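Breakdown of the fold
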Amino acid sequence: MPGDKSITHRAFIFGSLAEGVTTIEGASPGGDCSSTKACLSLMGARFEPEPGGAVIRAHGVGTLRPPNAGLDCGNSGTTLRLLMGLLAGSHFATELSGDESLNRRPMERVARPLRVMGARIETTSGRPPVRVTGARLRGASLTPEAASAQIKSAILLAALGAEGTTTVHESVATRDHTERMIRSFGGVVHSEDREIRIEGPQKLKATRLSIPGDPSSAAPFIVAALILPDSELVIEGVLLNPHRVRYLDILREMGAKIETQVTSTSDEAEISGRIVVHGSGLRGIELSPSDVAAVVDELPILAVAGAFAQGRFEVRGAQELRVKESDRIASMVEGLQAMGADIQELEDGFSIRGGASLFGATVGSHGDHRIAMALSIAALGATGDSEVLGAEVVSISLPRFFEELERGVRP
Ligand code: S3P
């Protein structure tokens, strides 16, 4: 798998903030991370690929300078939201926007807590374009309104430049890559029991980073191996951060035979290792709403696993899916129904009576990389040919998705 998307965004951002040269090995080649790189480049950071492309050097400048145009975050919510936090304490004004999908997504959830710290941010009826006018920030005690690593990370980025202590109280623990990366860059952040505390201002030091493979990109291949008879799949060097591989536990609960072996050492910032999968029969389960935050990116592909499982697979408490790159509840229900699955749309999730034989159909990606991949895997398990419209959107996170799939699947 190519490098993890969430960690790559953060590596680019922190590499641009820290003074000196940061070496990044195994960065994600996806379009979302290119958006982050392009925005940071416009503000004076320099990225140089080494021959072979495996290593990027980020020439941080300590302080970023005003871009001479608005920042285009493309399809990437992580880019826009994390940059809001980064730019809130800058000494200039910036406008951030994105493509049609990103410009529909809610941004007040990030703007509101940042304003408590003194930030000057205007959204357009709650959405992009977002105008951030740099201001002097002070620490604050904040409770994000959604279980979101993007909100938490935007606050932590602002807190690094703010005067005093910032505390984030999370209702559900979310992915902790920002906290781990601040420490990799020599910063100090305390986390305990869903409470993250950080003192500002702090200066970061350039470092060397090696980014493990993306477990969210691995998920479609894992589900493919589970639903296609007699499959065996080994993926090396994948991120095994517990916040990111909860979907493996859920698949195991459904009866999947999946083993993981940690191969990273204890001095590495993130845990990584090998995932081994054997084709297995699956049974439906009811997902607990408290699990949703940890599998938010894998719910589309878990829906596919549910469609191929025996019994009922139900997800509730997942209203966040409606404000992702597409309305992922509606997109999956539409796509799987077109293939003959017995799936019902719920306001905050979906319910599937698994085991129906799926047949090939023409389905839409809705411009959403995770939907394009999930429906392609459903198509592999279906009888007959399918067409996934707009499937090229896989390039947002995994440009080689179809090549990798062809390498592993024998007709
Ligand atoms: C991400 C956090 C999640 C996730 C997104 C990446 C991150 O979003 O869905 O793909 O890198 O912090 P939320 O924070 O909105 O849940």
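As the structure is a prediction and not an experimental result, all values here were calculated from the model.

**Some words on the environment of Ala 309**
Relative to the helices and strands, Ala 309 is located in the loop between helix 9 (299-307) and strand 17 (311-315). In the structure, Ala 309 is positioned 25 residues away from Gly 284 in sequence and 5.5 Å away in space, judged by C-alpha atoms. Setting aside chain neighbours within four positions, we find Ala 309 in contact with Met 254, Leu 282, Arg 283, Gly 284, Gly 354 and Gly 355.

**Brief notes about the packing of aromatic side chains**
Considering all chains together, one arrives at five aromatic pairs under this definition. For the ring pair Phe 221 and Phe 401, a centre distance of 5.4 Å and an interplane angle of 55 degrees mean the geometry is tilted. Remark: Phe 401 occurs in helix 12 (residues 401-408) and Phe 221 occurs in helix 7 (residues 215-227); sequence separation between them is 180 residues. Here Phe 401 and Phe 402 contribute two aromatic rings whose centre-to-centre distance is 4.9 Å and whose plane-to-plane angle is 75 degrees, an arrangement assigned as edge-to-face. Note on Phe 402: relative accessible area 32%, which makes it partly exposed. Pairwise contacts between aromatic rings join Phe 221, Phe 401 and Phe 402 into one cluster.

**Topic: the domain arrangement of the protein**
When the domains of the protein are assigned, the result is domain 1 (5-210) and domain 2 (215-408). Contacts between domain 1 and domain 2 engage 24 residues on the former and 21 residues on the latter. Between domain 1 and domain 2, a total of about 1,800 Å² is buried, with carbon and sulfur atoms accounting for 49% of that surface. By the criterion of area lost to domain 2, the three top residues of domain 1 are Arg 105, Arg 175 and Arg 180, representing 29% of everything that side buries. Joining domain 1 to domain 2, the criterion identifies four salt bridges. One salt bridge in this structure joins Arg 109 and Glu 320, with 2.9 Å as the shortest N-O distance. Across the domain 1-domain 2 interface, the total number found is 11 residue pairs in polar contact (both at pLDDT 80 or more). Mapped by element, the contributors of at least two residues to the side of domain 1 that touches domain 2 are helix 1 (5-17), helix 2 (31-42) and helix 6 (177-184). Class assignment for the residues of the side of domain 1 that touches domain 2 results in seven nonpolar, nine polar and eight charged.

**Considerations on the pattern of salt bridges**
Where charged atoms from two side chains of opposite charge come close, those side chains can pair. Applying the stated criterion across every chain yields a total of 31 salt bridges. For the salt bridge of Arg 180 with Glu 270, the shortest nitrogen-to-oxygen distance reads 3.6 Å. With Arg 180 in helix 6 and Glu 270 in the loop between strand 14 (257-262) and strand 15 (272-278), the pair connects residues that are 90 residues apart, well separated along the chain. Here Glu 270 falls in the buried class, since its relative accessible area comes to 8%. Among the salt bridges present, the one from Arg 312 reaches Glu 314, with a minimum N-O distance of 2.3 Å. Three or more residues are tied together by salt bridges with common partners; here these are Arg 105, Arg 175, Asp 297, Glu 325, Arg 328 and Asp 368.

**Considering the pairing of strand 11 (residues 195-200)**
Where burial is concerned, the two faces of strand 11 differ: the one with Ile 196, Ile 198 and Gly 200 is buried and the one with Glu 195, Arg 197 and Glu 199 is not. Relative to strand 11, strand 9 (residues 164-169) runs antiparallel, the two sharing six bridges. Bridging from a neighbouring strand, Thr 165 pairs with Glu 199 of strand 11. When strand 10 (residues 190-192) meets strand 11, the two strands line up antiparallel, connected through three bridges. Residue pairing for strand 11: Glu 192 is matched across the bridge by Glu 195. The hairpin formed by strand 10 and strand 11 contains two residues between the paired strands, and Asp 193 there has a positive phi angle of roughly 45 degrees.

Procedures and definitions
Residues numbered from 1 in each chain as written. Predicted model: local features only at pLDDT ≥ 70, side-chain atom pairs only at ≥ 80, totals over all residues. Heavy atoms only, no water. Helix = DSSP H or I, 4+ residues; strand = E, 2+ residues; numbered from the N terminus. Contact = heavy atoms within 4.5 Å. Phe/Tyr/Trp six-rings, centres within 6.5 Å; stacked < 30°, edge-to-face > 60°. Buried < 20%, exposed > 50% of the residue type's maximum accessible area, 1.4 Å probe, protein only. Domains from an automatic or database assignment. Buried area = accessible area lost by both parts, 1.4 Å probe. Salt bridge = Lys/Arg side-chain N within 4 Å of Asp/Glu carboxyl O. Polar contact = N/O pair within 3.5 Å; in protein donor to acceptor, adjacent residues only side chain to side chain. Nonpolar A, V, L, I, M, F, W, Y, C, P; charged D, E, K, R; others polar. Pairing = 2+ DSSP bridges.

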